[in-house]
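# Fold and geometry: a report
The lines below spell out each chain.
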Amino acid sequence: MKTVLITGANRGIGLEFAKQYDAEGAEVIACCRHPEKAEALAALDVRVERLDVTHDESIARLAASLGDVPIDIVISNAGVYGPEEQSTERISPAAFLDTMRVNTLGPLRLAQALKPNLLAGREKKLALLTSKMGSISDSSGGFVAYRASKAALNMVAHTIALEWKKDGIMVALLHPGWVRTDMGGPGATLSPFDSVKGLRVRIAELSPKTNGHFVDYLGREIGW
Ligand SMILES: NC(=O)c1ccc[n+]([C@@H]2O[C@H](COP(=O)([O-])OP(=O)(O)OC[C@H]3O[C@@H](n4cnc5c(N)ncnc54)[C@H](OP(=O)(O)O)[C@@H]3O)[C@@H](O)[C@H]2O)c1
């Protein structure tokens, strides 16, 4: 049986990952900021852990609670869209940095802390939820904090893919599509179910050949 750890698992795409891996029979470690409020997770057969990806102590507490448990797949999903005001003329530097703390540094810190667990796992897969909005070649401007945080995440993830392949760890950079969640909004084109169904296939087929590639939920390559 495989073990899958998911961040931001209390709602949206993260919750759907928890549901689908649980239904498949995997051991799911569902991380969220407020386990006491995570009613949807309580209805599943999953282990719930407290985690705020912006706090070193929170990450250290999670690592201590996990100990040397092997983890096959880490899904770094937690993310924010950033402040309302994201024009290059008016965005606040503090709000810009807050966005980077969650979307860019959070996944890096998590990967650092859980590398021993991944090394102990059989599959050794790190999947990061990034976004097409982090693609410089595809950008139409706007949303500078979100775009910059995901572009920087892409570089972090690509660098981990290059540096950790000697350890047998593989990295997937995944764009989920435009998904109907709190972040994507009600007008988004995809259900969480269909997005995650595709993303799980991408994670299952991750291999040394596709290590470090930036793809969408259907496996289509996205330009940097
Ligand atoms: N939806 C889309 O169309 C879309 C498109 C492209 C990429 N993505 C990416 O996909 C991922 C999931 O998006 P979503 O649509 O499911 O978003 P969402 O519905 O807004 O959910 C975001 C999740 O991240 C968690 N989170 C936020 N800050 C956190 C922190 N500091 N520590 C730990 N958890 C934190 C939230 O927890 P709380 O409930 O505690 O706030 C929540 O569980 C994100 O990385 C997003 O950028 C989404």
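Keep in mind the model is a prediction, meaning the values are calculated, not measured.

## With respect to the site of the ligand
The environment of the ligand is made up of 29 residues, and the closest members are Asn-10, Arg-11, Arg-33, Tyr-146 and Thr-181. Contact distances for the ligand include 2.7 Å between an oxygen atom and a side-chain N or O atom of Tyr-146. Taking 890 Å² as the accessible area of the ligand by itself, protein coverage stands at 94%. Elements represented by at least two residues in the shell around the ligand include exactly α1 (12–24) and α5 (144–164). Split by residue class, the shell around the ligand holds 12 nonpolar, 12 polar and 5 charged.

## Brief notes about a nonpolar patch on the surface
A grouping of Tyr-81, Phe-143 and Met-183 is seen on the molecular surface, where their side chains present a nonpolar patch of about 260 Å² in accessible area. Inspection of the secondary structure assignment puts Tyr-81 in the loop between β4 (73–76) and α4 (93–120).

## Topic: α4
If you check α4, its first and last C-alpha atoms are 40 Å apart, about what 28 residues at 1.5 Å a residue would give, namely 40 Å. The largest bend in α4 amounts to roughly 55° and is located at Leu-114, with the proline Pro-116 lying one to four residues further along.

## Description of the nonpolar core
With 30 residues, the main nonpolar core has Ile-6, Phe-17, Tyr-21, Leu-41, Ile-75 and Ile-203 as its most contacted residues. For this core, the elements supplying multiple residues, two or more each, are β1 (3–6), α1, β2 (27–32), β4, β5 (125–129), β6 (170–175) and α6 (192–204). The element contributing the most residues to this core is α1, with 5 residues. Sequence-distant contacts of Leu-41, that is, excluding residues within four places in its chain, are made with Ala-9, Asn-10, Leu-15, Ala-18, Ala-30, Cys-32, Val-46 and Val-48. Core analysis: the second largest hydrophobic core is formed by 29 residues, Ile-59, Leu-62, Trp-164 and Leu-173 among them.

## Things to note about the packing of aromatic side chains
Taken as a whole and judged by the stated rule, the model has 4 aromatic pairs. Judged by centre distance (5.5 Å) and plane angle (50°), the ring pair of Tyr-81 and Phe-143 falls under tilted. Here Tyr-81 is found in the loop between β4 and α4, whereas its partner Phe-143 is found in the loop between β5 and α5, with 62 residues between them in sequence. Its relative accessible area of 38% is what places Phe-143 among the partly exposed residues. Between Tyr-81 and Tyr-146, the aromatic rings sit 4.6 Å apart at their centres with planes inclined by 40°, giving tilted as the arrangement. Taken together, the residues Tyr-81 in the loop between β4 and α4 and Tyr-146 in helix α5 connect sequence positions 65 residues apart.

Cut-offs and rules
Residues numbered from 1 in each chain as written. Predicted model: local features only at pLDDT ≥ 70, side-chain atom pairs only at ≥ 80, totals over all residues. Heavy atoms only, no water. Near = heavy atom within 4 Å. Polar contact = N/O pair within 3.5 Å; in protein donor to acceptor, adjacent residues only side chain to side chain. Areas by Shrake-Rupley, 256 points an atom, 1.4 Å probe, with all protein chains shown as cover. Helix = DSSP H or I, 4+ residues; strand = E, 2+ residues; numbered from the N terminus. Nonpolar A, V, L, I, M, F, W, Y, C, P; charged D, E, K, R; others polar. Patch = residues over 30% accessible without salt bridge, like charges linked within 9 Å, V, L, I, M, F, W, Y side chains within 5 Å. Salt bridge = Lys/Arg side-chain N within 4 Å of Asp/Glu carboxyl O. Expected span 1.5 Å × (residues − 1). Bend = angle between axes of the 7 residues up to and from the residue. Core = buried A, V, L, I, M, F, W, Y, C linked by side-chain atoms within 4.5 Å. Buried < 20%, exposed > 50% of the residue type's maximum accessible area, 1.4 Å probe, protein only. Contact = heavy atoms within 4.5 Å. Phe/Tyr/Trp six-rings, centres within 6.5 Å; stacked < 30°, edge-to-face > 60°.

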